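Residue strings, one per chain:
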Amino acid sequence: MEQYDVVVVGLGIMGAAATWSLAKRGARVLGVDANEAGHALGSSHGKTRATRESYFESPEYVPLMKEAHVLWRGLASEAGEELLTMNGGAYFGPPDHLVLQGVVRAAAEHDLELEDLTPAEAMARHPGFFIPDDWQALVERTSGVLRAKACLEAFHNVVRRGGADLRFGEAMKSWRATDDDVIVDLASGPVRAKSLILTLGPWAVDGLAADLPIHGRRVTVAHFDTQRPESYANDNLGVFFWSTPMGVYGGFQHIDGQGVKLLRHDDGGACTPDTIQREVTDADIRAFTDFSRIYLPDVGDKVLDAYTCIYTMTPDDHFIIDHHQASRNVVYATGFSGHGFKFAPVVGEVLADLTLNGATDRDIGFLRAGRF
């Protein structure tokens, strides 16, 4: 039977990051994924993700995010690619909205610089936006764009060069823990490891075998081929977040070949990878165009691309990272609730800490499963 230090099951962005962190520490690693590399069935596909430090979900994320940015740059150096562009992020909405209040609180607690613009000042700088007079406009320079597809491929390529064994199209059938190790039953046969990491994405809802309050949410993403790309220039702003009466929307300024990207962050039907409606409907697109006609009037309605992904949600929208209730030789990360991608390299470090050392010095108490 093949023997490894650690087996990682699920090679989306979190599992890929875990293999990277483990391999850097000299562990003998096997990573497996039931799907092919680069598949679009879960949460890690697409070309871009936003990154930000003024973290409205909770100030507790800010130190982790700062470390993640350092680690992203380290991965970029190893891979010889540009993965992160810090071209700024903006938040628009009523000053009393929870998102705007959360941004201000995180910035104040961690001494992050925020630029507070009047709506008129923000619209003069970004002519494709309409911001109501009684709203707030906040700009954070420690925000920007991650090249998501390139990030995932960089992890895979770097760890392979470092000697890790990655196998795609290789499903895990089951696992069983002893006092000393874990037997992982794969489609090709069993392997033995000292530890197991489960980073299952939306498949965790049914496949994690842990008593956790998680569920999948269908999220639609659309790219629009605006006829006025100069209205959404990305040289001084990369990403934006709108807290509106229509919901919380996120987006990316114009990128050649990708247009302006929009998504609704705070809504979507419950689903699993088996039950999700993957086809993007006319109603999905209409929700975007109804939003953009008010707040991004130069975007237009010509769709370049549209697709779905699955958020794995928790009741409080915070991640869950912990030892499995069945064995301390098994560690998992789940429930990233639509805002986890940017944290991948530091999550990988935490998973490596928990697996190899049994504990981590990083402050993840607020992400433990025991809070439920």
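Refer to the preceding data block for the structure.
Residues numbered from 1 in each chain as written. Predicted model: local features only at pLDDT ≥ 70, side-chain atom pairs only at ≥ 80, totals over all residues. Heavy atoms only, no water.

Caption draft 1: Summary view of the nonpolar core. In terms of nonpolar packing, the biggest core is built from 57 residues, with I13, W72, F155, I321 and F343 touching the most fellow members. With near-sequence residues (within four places) excluded, I13 lies in contact with S44, W72, C151, L152, F155, F341 and A344. Of all hydrophobic cores here, the second largest spans 25 residues; its members include A137, L237, V260 and I285. (Core = buried A, V, L, I, M, F, W, Y, C linked by side-chain atoms within 4.5 Å. Buried < 20%, exposed > 50% of the residue type's maximum accessible area, 1.4 Å probe, protein only. Contact = heavy atoms within 4.5 Å.)

Caption draft 2: Layout of the sheet that holds strand β3 (residues 48–51). What the three strands build is an open sheet, ordered β3-β8-β4; its pairing is antiparallel. Looking along the sheet, the strands with just one partner apiece sit at the ends: β3 and β4 (84–85). As judged from the four bridges shared by β3 and strand β8 (residues 144–147), these two strands associate in the antiparallel manner. Bridging from a neighbouring strand, T48 pairs with R147 of β8. Strand contacts of helix α5 (residues 148–161): β3 and β8, with the helix running at about 50° to β8, the strand carrying the most contacts. (Pairing = 2+ DSSP bridges. Helix = DSSP H or I, 4+ residues; strand = E, 2+ residues; numbered from the N terminus. Axes fitted to C-alpha atoms, helices over the stretch in contact; angles between N-to-C directions.)

Caption draft 3: How the structure looks around the packing of helix α2 (residues 62–79) against α5. Two numbers describe how α2 lies on α5: the axes approach to 10 Å, and their chain directions differ by 60°. In terms of their interaxial angle, α2 and α5 are classed as oblique. α2 and α5 meet at a crossing whose hand is left-handed. On α5, the residues that touch W72, L75, E78 and A79 of α2 are C151, A154, F155, V158 and R161. Here the contact of α2 with α5 is composed, by residue class, of seven nonpolar, no polar and two charged. (Parallel < 35°, antiparallel > 145°, perpendicular 65-115°, else oblique. Left-handed = near helix turned anticlockwise from the far one by under 90°. Nonpolar A, V, L, I, M, F, W, Y, C, P; charged D, E, K, R; others polar.)

Caption draft 4: Inspection of the environment of H215 at higher detail. With respect to the helices, strands and loops of the structure, H215 is situated in strand β13 (residues 215–224). Considered as a pair, H215 and D290 are 75 residues apart in the sequence and their alpha carbons are 28 Å apart. Those residues within four positions of H215 in sequence are excluded, and the remaining contacts are V205, Y311, T312 and M313.

Caption draft 5: Spatial organisation of helix α1 (residues 13–24). For α1, spanning twelve residues, the distance from its first C-alpha to its last is 17 Å, which sits close to the expected 16 Å at 1.5 Å a residue. Summarising burial for α1: ten of the twelve residues are buried, a large majority. Buried within α1 are the following residues: I13, M14, G15, A16, A17, A18, T19, W20, S21 and L22. (Expected span 1.5 Å × (residues − 1).)

Caption draft 6: The arrangement of the side chain of D284 in detail. Tracing the chain through its elements places D284 in helix α7 (residues 282–295). Within the structure, the side chain of D284 is placed 2.9 Å from the backbone nitrogen of T281, a separation counted as a polar contact. Ignoring any residue separated from it by four or fewer positions in sequence, one finds D284 in contact with R218, T220 and E279. (Polar contact = N/O pair within 3.5 Å; in protein donor to acceptor, adjacent residues only side chain to side chain.)

Caption draft 7: Expanded view of the packing of aromatic side chains. According to the stated counting rule, one finds 25 aromatic pairs in the structure shown. For the pair Y61 and F343, a centre-to-centre distance of 5.3 Å together with 50° between the ring planes defines the contact as tilted. Of this pair, Y61 sits in the loop between β3 and α2 while F343 sits in the loop between β20 (327–334) and α8 (344–356), placing them 282 residues apart in sequence. Assigned by exposure class, Y61 and F343 land together as buried. Seen from their ring centres, Y249 and F288 are 6.4 Å apart, and the 70° between their planes marks the pair as edge-to-face. (Phe/Tyr/Trp six-rings, centres within 6.5 Å; stacked < 30°, edge-to-face > 60°.)

Caption draft 8: Main features of α2. A rise of 1.5 Å per residue sets the reference length of α2, with its 18 residues, at 26 Å; its end C-alpha atoms lie 26 Å apart and thus fit the reference within 8%. Within α2, the full set of buried residues consists of V62, L64, M65, A68, H69, L71, W72, L75 and A76. Just downstream of α2, G80 is the residue with a positive phi angle, here 70°.

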